[in-house]
Amino acid sequence: QVMFAEFESLTHSKAESGEALTPDVLCKLYKDVYQKYWGPEMKIDEEDDTFSSLFFTKANIDVKRSGNLVVLQLKGQGIMGFDFKTGKKLFEMDI
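Cut-offs used in this document
- Residues numbered from 1 in each chain as written.
- Predicted model: local features only at pLDDT ≥ 70, side-chain atom pairs only at ≥ 80, totals over all residues.
- Heavy atoms only, no water.
- pLDDT = per-residue confidence, 0-100.
- Helix = DSSP H or I, 4+ residues; strand = E, 2+ residues; numbered from the N terminus.
- Contact = heavy atoms within 4.5 Å.
- Expected span 1.5 Å × (residues − 1).
- Buried < 20%, exposed > 50% of the residue type's maximum accessible area, 1.4 Å probe, protein only.
- Phe/Tyr/Trp six-rings, centres within 6.5 Å; stacked < 30°, edge-to-face > 60°.

**Student:** Mind laying out the confidence of the model for the protein chain, listing which residues take part and the relevant values?
**Tutor:** Confidence in the prediction of the protein chain, expressed as mean pLDDT, is 76, and 78% of residues score 70 or more. Per-element averaging of pLDDT across the protein chain places helix α3 (residues 50–54) at the bottom with 45 and helix α1 (residues 2–16) at the top with 86. Across residues 50–54, where pLDDT falls below 50, the model places 9 contacts with residues more than four positions away in sequence or in other chains.

This is the structure we're talking about:
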């Protein structure tokens, strides 16, 4: 829970700074946080991006924007809605 909360906080910070929350950005961010919590025992093959292929692939994430609403969907997990300008989470739903 703590690890995902940090990922969520960093996601908000990026949105607040105006950075686009693309699948590539989110994959790298989650991979970095995951590496931080698991330490050197967590091996990531940068050449074939093994980590993201195991969990956070582009096929499993969808980011859409309509006006000031950004919706992040993790397939099989849920969706989160953010205000584009502030990065504030507006809603979260499990699916």
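**Student:** Describe in detail α1, supporting the description with residues and values.
**Tutor:** Counted at 1.5 Å a residue, the expected span for α1 with its 15 residues is 21 Å, and the 21 Å between its end C-alpha atoms agrees. Residues of α1 that are buried: M3, F7, E8, T11, H12 and A15. Against α2 (23–38), β3 (78–83) and β4 (89–94) lie the buried residues of α1. G18 sits one or two residues past α1 and shows a positive phi near 90°.

**Student:** I'd love a proper account of the packing of aromatic side chains, names of residues and values included.
**Tutor:** The final tally for this structure, using the stated rule, is 1 aromatic pair. For the ring pair F7 and Y30, a centre distance of 5.0 Å and an interplane angle of 85° mean the geometry is edge-to-face. With F7 in helix α1 and Y30 in helix α2, this residue pair connects regions lying 23 residues apart in the sequence.

**Student:** Please provide a residue-by-residue account of the environment of K88, values included.
**Tutor:** Residue position: K88 is located in the loop between β3 and β4. As for K88 and A15, which are separated by 73 residues in sequence, their C-alpha atoms are 8.6 Å apart. When near neighbours in sequence (up to four residues on either side) are disregarded, K88 contacts H12, G81, F82 and D83.

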